[in-house]
Amino acid sequence: MGPAPNSPAPAKLTSKELALKAGRRLARPAPGDEICITGIAGVFPDSTDVRDFGEKLNNKVDLISDDDRRWKLEHPEIPQRTGKLYEVNKFDAAFFGVHFKQAHTMDPMCRIILEKTYEAVIDAGINPKSLRGSKTGVFIGACFSESEKTWFYEKLQINGFGITGCSRAMLANRVSYWLGVNGPSYTVDSACSSSLYALEHAYKSIRDGHCNAAFVGGCNLCLHPYVSLQFARLGVLSPDGRCKSFDEAANGYCRSEAVCIMYLQKSKDAKRVYARVVHAKTNCDGYKEQGITYPSGALQQRLLEDFYSECEVDPKNLAWIEAHGTGTKVGDPEEVQALENVFCPGRTTPLLIGSVKSNIGHSEPASGVCSVTKVILAMENGIIPPNINFKSPRKDIPSFHNGKIQVHLNVSTSLVAHHPTFIESFSNLSVGAVLVSETFLKPSIPSGTI
């Protein structure tokens, strides 16, 4: 039956109300449909795997090195200290079904992504062969392929393998091809927030039914010195190669490498659960008089306010914030002020914040998943990894001096069980992505049943 003849027309929702309604639908899954991180694998500066990475974070190891593993070039503008992976050359081409000629012209990031995807799905307790034909998505955050110059313009191949080896689309498509999965598959580039953007795309794709599970990753390799030279001339790199997040001596960040892959499933399909993705959201600053690379604290604050309105998590209950915290002159003050405005009203204790960039530098498009990895390690171990390279709080950030916010430095600080943790990532193009995760206790199976 239709409405009564004289009944008033339903009120038309505003665009803000529609956005809030859509966000709350995403953040309120039915029991069993919660999106969870169930497998993880990665390689980080001077760390062989996730476990090794976690041990070095907890032991306050500076993972930045000044050796010449990547290039032998002395240039006064290029900082020699960067975060470097141990190994980028070896690859089992036959195992992944890659022709040996293709393997030689394939971007090293693509090779490592294949390896870490295999490790992540095994970590989730899944047989990779069982995924063939499934509606599984692949979402990879990446910016630069520093191999392009070699294979596109210098060592031109007669067989065309340079195109399929270094195209950034292949970072995701190669995984889908190897596993034989049929969900969405693409590479996301929003600069430094790329991998959290990819995670948000995966989260929404699963919630909206476009795929049943997803691989999410981020990757960055620093192979060519002139890319670092461009960043140095932009004024964002630390001349001494140390990322001093939130410190008075902060003078930029150091570039870093990382490749990390996570497997996302619905909780009802998971065999193990590291964390539940409560909600994810993104935005862009748009036009600003200061320029496209200048961060907007007001827009960051708006993103946070909309985010918590949608997921209905009280900001006062958060255990700690894994912030972007690059150590740049303008970035940290804008970010911390937005955090105070959203998270500190009503809090009775200082809000703890940290940034994994103090330990490993800024892995740019992969930085978001590096932060998520740190949070998962904290949840698994019950200890929040501390910041390093911090001696005195910045004088131009009032939150550090009024007792509202405190940089986490104590290795013995325990993570409060079942309290959510907030993760944020912003890009030098003023694109923001935020995520909140929490522990998820999957019901145990009674002994003797399947």
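Residues numbered from 1 in each chain as written. Predicted model: local features only at pLDDT ≥ 70, side-chain atom pairs only at ≥ 80, totals over all residues. Heavy atoms only, no water.

Helix and strand content of the protein chain: 13 helices and eleven strands. Looking at the protein chain as a whole, 58% of its 450 residues qualify as buried. Across the protein chain, the fraction of contacts at a sequence separation of at least 24, relative to all contacts at a separation of at least 6, is 79%. Entry remark: accessible area of the protein chain is about 19,500 Å², with carbon and sulfur atoms responsible for 54%. (Helix = DSSP H or I, 4+ residues; strand = E, 2+ residues; numbered from the N terminus. Buried < 20%, exposed > 50% of the residue type's maximum accessible area, 1.4 Å probe, protein only. Contact = heavy atoms within 4.5 Å. Areas by Shrake-Rupley, 256 points an atom, 1.4 Å probe, with all protein chains shown as cover.)

To continue, consider the nonpolar core. Ranked by internal contacts, the top residues of the largest apolar core, which has 70 residues, are Phe343 and Ile353. Here this core takes eight residues from helix H13 (residues 367–381), the largest share from any one element. Setting aside residues no more than four positions away along its own chain, Phe343 makes contact with Leu304, Tyr308, Pro315, Leu318, Ile321, Leu351 and Phe422. Ala124, Ile140, Leu171 and Tyr263 belong to the second-largest nonpolar core, a separate cluster that totals 36 residues. (Core = buried A, V, L, I, M, F, W, Y, C linked by side-chain atoms within 4.5 Å.)

Residues Phe95, Tyr118 and Ile122 make up a contiguous nonpolar surface patch of about 270 Å² in total accessible area. Mapped onto the secondary structure, Tyr118 falls in helix H4 (residues 108–123). Since its relative accessible area comes to 30%, Tyr118 is described here as partly exposed. (Patch = residues over 30% accessible without salt bridge, like charges linked within 9 Å, V, L, I, M, F, W, Y side chains within 5 Å. Salt bridge = Lys/Arg side-chain N within 4 Å of Asp/Glu carboxyl O.)

A rise of 1.5 Å per residue sets the reference length of helix H11 (residues 331–343), with its 13 residues, at 18 Å; its end C-alpha atoms lie 18 Å apart and thus fit the reference within 8%. Summarising burial for H11: ten of the 13 residues are buried, a large majority. Along H11, the positions that sit buried rather than exposed are Gly331, Asp332, Pro333, Glu335, Val336, Ala338, Leu339, Glu340, Val342 and Phe343. (Expected span 1.5 Å × (residues − 1).)

Overall, the coordinates contain twelve aromatic pairs when judged by the stated rule. Ring plane angle 90° and centroid distance 5.1 Å describe the contact between Phe95 and Tyr118, whose orientation is recorded as edge-to-face. Highlighted residues: Phe95 in the loop between helix H2 (50–58) and helix H3 (100–104) and Tyr118 in helix H4, separated in sequence by 23 residues. Centre to centre, the rings of Phe307 and Tyr308 are 4.9 Å apart; their planes meet at 75°, and the pair counts as edge-to-face. You'll find Phe307 and Tyr308 in the same group, each marked buried. Each member of the aromatic cluster is reached from another via a ring pair, and the members are Phe91, Phe95, Phe96, Tyr118 and Trp178. (Phe/Tyr/Trp six-rings, centres within 6.5 Å; stacked < 30°, edge-to-face > 60°.)

Attention shifts here to the pairing of strand S4 (residues 213–220). Counting buried residues in S4 gives eight out of eight residues, a clear majority hidden from the surface. Of the two faces of S4, both are covered, the one formed by Ala213, Phe215, Gly217 and Cys219 as well as the one formed by Ala214, Val216, Gly218 and Asn220. Relative to S4, strand S2 (residues 136–141) runs parallel, the two being bridged by six bridges. Within the sheet, the bridge partner assigned to Thr136 lies in S4 and is Ala213. (Pairing = 2+ DSSP bridges.)

To describe two helices that pack against each other, one gives the angle between their axes and the distance between the axes. The contact between helix H10 (residues 297–311) and H11 brings their axes to 8 Å, and the two run at 35°. When the axes of H10 and H11 are compared, the crossing they make is right-handed. Residue-level inspection shows Gly297, Gln300, Gln301, Leu304, Glu305 and Tyr308 of H10 in contact with H11, the latter providing Glu334, Glu335, Ala338, Leu339, Asn341, Val342 and Phe343. For the contact of H10 with H11, a count of residues per class yields six nonpolar, four polar and three charged. (Axes fitted to C-alpha atoms, helices over the stretch in contact; angles between N-to-C directions. Left-handed = near helix turned anticlockwise from the far one by under 90°. Nonpolar A, V, L, I, M, F, W, Y, C, P; charged D, E, K, R; others polar.)

Relative to the helices and strands, Val188 resides in strand S3 (residues 185–188). For Val188, the residues in contact, after removing those within four places along its chain, are Ile140, Gly141, Ala142, Ser194, Tyr197, Ala198 and His201.

A few words now on the confidence of the model for the protein chain. Residues of the protein chain with pLDDT of at least 70 account for 89%, and the chain-wide mean is 89. Across residues 445–450, where pLDDT falls below 50, the model places zero contacts with residues more than four positions away in sequence or in other chains. (pLDDT = per-residue confidence, 0-100.)

This next bit is on the pattern of salt bridges. Tallied over the entire structure, the rule returns 22 salt bridges. Among the salt bridges present, the one from Asp62 reaches Arg81, with a minimum N-O distance of 3.0 Å. Pair noted here: Asp62 is in the loop between H2 and H3 and Arg81 is in the loop between H2 and H3, with a separation of 19 residues, a long-range link. In this structure, Arg255 engages Glu364 in a salt bridge whose closest nitrogen and oxygen atoms are separated by 2.9 Å. Separated by 109 residues along the polypeptide, Arg255 in the loop between helix H9 (225–234) and strand S5 (258–266) and Glu364 in the loop between helix H12 (357–360) and H13 bring together distant segments of the chain. The class of Arg255 is buried, set by a relative accessible area of 1%. The exposure class of Glu364 is buried, given its relative accessible area of 2%. Beyond isolated ion pairs, a larger network of salt bridges with shared partners links Asp46, Asp67, Arg69 and Lys84.

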